[in-house]
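# Overview (structure and organization)
Single-letter residue listing:
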Amino acid sequence: MVHRIIEWSLRNRFIVLVMAIALFAWGFFSVRKNPIDAIPDLSENQVIVFTEWMGRGPQLIEDQITYPLVTNLQGLPKIKYVRGTSMFGMSFIYIIFNDNVDIYWARERVLERLSTVSRTLPSGVTPQLGPDGTGVGHILWYTLDAPEMDLGEQRALQDWYVKFALQNVEGVSEIASFGGFQKQYQVTVDPNKLLYYRLSVAEVINAVRANNNESGGRKFEMSDIGYIIKTSGYLKSVAEIESIPVKTQNSIPVRVADVASVQMTGETRLGIFDQDGEGERVGGIVVMRYGENAAAVIDKVKAKMKEVAKGFPKGVKFDIVYDRGELIKESVDSIKRTLIEEMIVVSVVVIIFLFHWRSALSIIIQIPVTLAASFILLNAFGISSNIMSLTGIALAIGVIVDNGIIMSENAYKHLAERYAQWQEQQKGAKL
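Residues numbered from 1 in each chain as written. Predicted model: local features only at pLDDT ≥ 70, side-chain atom pairs only at ≥ 80, totals over all residues. Heavy atoms only, no water.

Secondary structure assignment for the protein yields 14 helices and 14 strands. The globule rule puts the C-alpha radius of gyration for 431 residues at 22 Å, and the 35 Å found for the protein is more than 25% above it. Across its three principal axes, the protein shows a C-alpha extent of roughly 145 × 60 × 55 Å. When burial is assessed residue by residue, the protein has 33% of its 431 residues classed as buried. Of the contacts made within the protein by residues no fewer than 6 positions apart, 72% connect residues no fewer than 24 positions apart. (Helix = DSSP H or I, 4+ residues; strand = E, 2+ residues; numbered from the N terminus. Rg over C-alpha atoms; globule rule 2.2 N^0.38 Å. Buried < 20%, exposed > 50% of the residue type's maximum accessible area, 1.4 Å probe, protein only. Contact = heavy atoms within 4.5 Å.)

Our next topic: the sheet that holds strand β14 (residues 317-323). Ordered in space as β6-β13-β5-β14, the 4 strands form an open sheet in which the pairing is antiparallel. Sheet topology places β6 (172-178) and β14 at the edges, where each strand pairs with a single neighbour. Taken over all neighbouring pairs, the strand axes of this sheet differ in orientation by 25° on average, direction set aside. Sheet analysis places β6 next to strand β13 (residues 283-288), joined by 6 bridges and oriented antiparallel. Counterpart to Ala 176 in the pairing with β13 is Ile 285. The sheet strands contacting helix α5 (residues 151-166) are β5 (138-145), β6, β13 and β14, and the helix crosses β6 at an angle near 175°. (Pairing = 2+ DSSP bridges. Axes fitted to C-alpha atoms, helices over the stretch in contact; angles between N-to-C directions.)

On to the layout of surface pockets. Its volume calculated, the second largest pocket comes out at about 1700 Å³. If you trace the second largest pocket, you find 30 residues lining it, with Ser 9, Leu 10, Val 16, Ser 362 and Gln 366 closest to the centre. Mapped by element, the contributors of at least two residues to the lining of the second largest pocket are α1 (2-11), α2 (13-33), α12 (357-380) and α14 (397-430). The element best represented in the lining of the second largest pocket is α14, accounting for 9 residues. (1 Å grid on protein atoms, 1.4 Å probe; cavity = no way out; pocket = protein on both sides within 12 Å on 5 of 7 lines; lining within 4 Å. Points joined across faces, edges and corners; volume = space filled by probe spheres on them.)

Checked against the element boundaries, Glu 148 lands in the loop between β5 and α5. Using a relative accessible area of 74% as the deciding quantity, one classes Glu 148 as exposed. Note: C-alpha distance between Glu 148 and Gly 315 (167 residues apart in sequence) is 7.3 Å.

Turning to the packing of α5 against helix α10 (residues 294-309), a few remarks are in order. Between α5 and α10, the shortest axis-to-axis distance is 10 Å and the interhelical angle comes to 145°. Relative to α10, the crossing made by α5 is right-handed. Each of Tyr 161, Val 162, Ala 165 and Leu 166 in α5 lies in contact with α10, whose residues at this interface are Val 301, Lys 304, Met 305 and Val 308. Tallied by class, residues from the contact of α5 with α10 come to 7 nonpolar, no polar and 1 charged. (Left-handed = near helix turned anticlockwise from the far one by under 90°. Nonpolar A, V, L, I, M, F, W, Y, C, P; charged D, E, K, R; others polar.)

This paragraph deals with the environment of Val 169. For Val 169, the position within the fold is in the loop between α5 and β6. For the pair formed by Val 169 and Val 297, sequence separation is 128 residues and the distance between their alpha carbons is 7.9 Å.

The next thing to look at is the sheet that holds strand β3 (residues 90-97). The strand order across the open sheet built from 4 strands is β2-β3-β1-β4, with neighbouring strands paired in antiparallel fashion. Each of the sheet's edge strands pairs with one partner strand only, and the pair in question is β2 (79-87) and β4 (128-129). Alignment of strand β1 (residues 46-52) against β3, held across 7 bridges, turns out to be antiparallel. Along β3, the bridge assignment pairs Thr 51 with Ser 91. In the packing of helix α3 (residues 58-73) onto the sheet, contacts are made with β1, β2 and β3, and the angle to β2 comes to roughly 170°.

The next thing to look at is a nonpolar patch on the surface. Taken together, the side chains of Ile 340, Ile 344, Val 345, Val 348, Val 349, Ile 352 and Phe 353 present a nonpolar region at the surface, about 700 Å² in accessible area. Take Val 348: its relative accessible area is 42%, and that puts it in the partly exposed class. (Patch = residues over 30% accessible without salt bridge, like charges linked within 9 Å, V, L, I, M, F, W, Y side chains within 5 Å. Areas by Shrake-Rupley, 256 points an atom, 1.4 Å probe, with all protein chains shown as cover. Salt bridge = Lys/Arg side-chain N within 4 Å of Asp/Glu carboxyl O.)

Formed by 28 residues in total, the largest nonpolar core has its most connected members in Ile 139, Tyr 142, Val 286, Val 301, Phe 312 and Phe 318. Secondary-structure elements contributing two or more residues to this core are β5, α5, β6, β13, α10 and α11 (324-354). Counting residues per element, this core draws most heavily on α10, at 7 residues. With 22 residues, the next largest nonpolar core counts Val 47, Ile 103, Ala 106 and Val 110 among its residues. (Core = buried A, V, L, I, M, F, W, Y, C linked by side-chain atoms within 4.5 Å.)

The feature "transmembrane region" (unreviewed entry), as given by UniProt, occupies residues 12-29, 81-97 and 339-357 in the numbering adopted here. As a span, residues 12-29 carries 94% helix and 0% strand, and end to end its C-alpha atoms are 26 Å apart. (UniProt positions renumbered as here; feature names shortened; annotations may be inferred.)

Right, let's get into unusual backbone geometry. Phi at Lys 78 is positive, roughly 60°, even though this residue is not glycine. Non-glycine residue Asn 250 carries a positive phi angle of around 55°. By the secondary structure assignment, Asn 250 is in the loop between β10 (245-249) and β11 (252-255).

Attention now moves to the domain arrangement of the protein. By the assigned domains, the protein splits into domain 1 (1-33 + 328-429), domain 2 (36-130), domain 3 (133-182 + 267-315) and domain 4 (185-266). Distance between the C-alpha centres of domain 1 and domain 4: 80 Å. (Domains from an automatic or database assignment.)

Here it is in structure tokens:
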């Protein structure tokens, strides 16, 4: 079989040359299309279900949320196993699917099951899916350099301006904010005053919730003009919350200010983010969507940052803390330099040992053609250009040219032997 292929190739050199050029062109297109990353994504094919029920202990979260979700999600098709974690106020469910399952198909199956399981959960508890990213999807970390703004204002700028703008970038799954203070109104109830006025905490909560609503009315027409009646009751200040009546006793309203203290403050924090020992910072983490090109997404995010920075207050700017784009660039440049050096060394060695430039050229041509063809297979199997895949190609260069050298030496040896036999025959004919 091999002899026939070689014989056919020798007799149809033009066809073989055209096929090699076509293969190289296809491979070159695959190189441009192949996603580039610094590290390979070896994370499991998983979907995360996050449920929040603040103020409850881990045991209650385990009994009321984690256990019902885990037992109901175990029946999903094409899953390996389901893991659950309970902590104070939060529950995390990790559904691990088979490696050949499409991630978005898996998320659809989980959403279908959650639509039925949610009925058995406590009132007001709504499970939600985590971002469609992976464990190595954190491609960019940034902070806001705003020395003239307090941490609460920086966090508000991050949550209500920067986050929404960067989430629109193609390939970005989520912008996770960190640091600073999340502003909120806090109502601190005095239990002694509640006992004095014969009130409960639930009554205070219901009063505040009922007075923080917008109510709709009806539409009526007057003089051929339609009017829509509505009432806007959203709370806008501490004084408005303090004036909310909780209960009426002896025709005297008991307000929130009578049983509690109201203040504007930050949400309780479990930690801080300090940068280089120079103080606290507010920032965000850019999480890349599953299967995207990390290098391209980072470039798009940086371009969007330049647009977002135009709307910053005076003295505020971005400070990039972690940029995988630099790691990707350095890694790819290092591998490219290694590949070029190996190609040059192999070419020199082939020319020196064979001392026949046509044979050396036929061997050297194999290197770029084989490298380009390897990217066709990388795209076919969904493997990105990373340190491991490119290093494997670099290590395989010696194997790539090995067969060509052996075949060239073998052909050269047979031709030399036949040439020697021909010379002996010529000498014999002359004699």
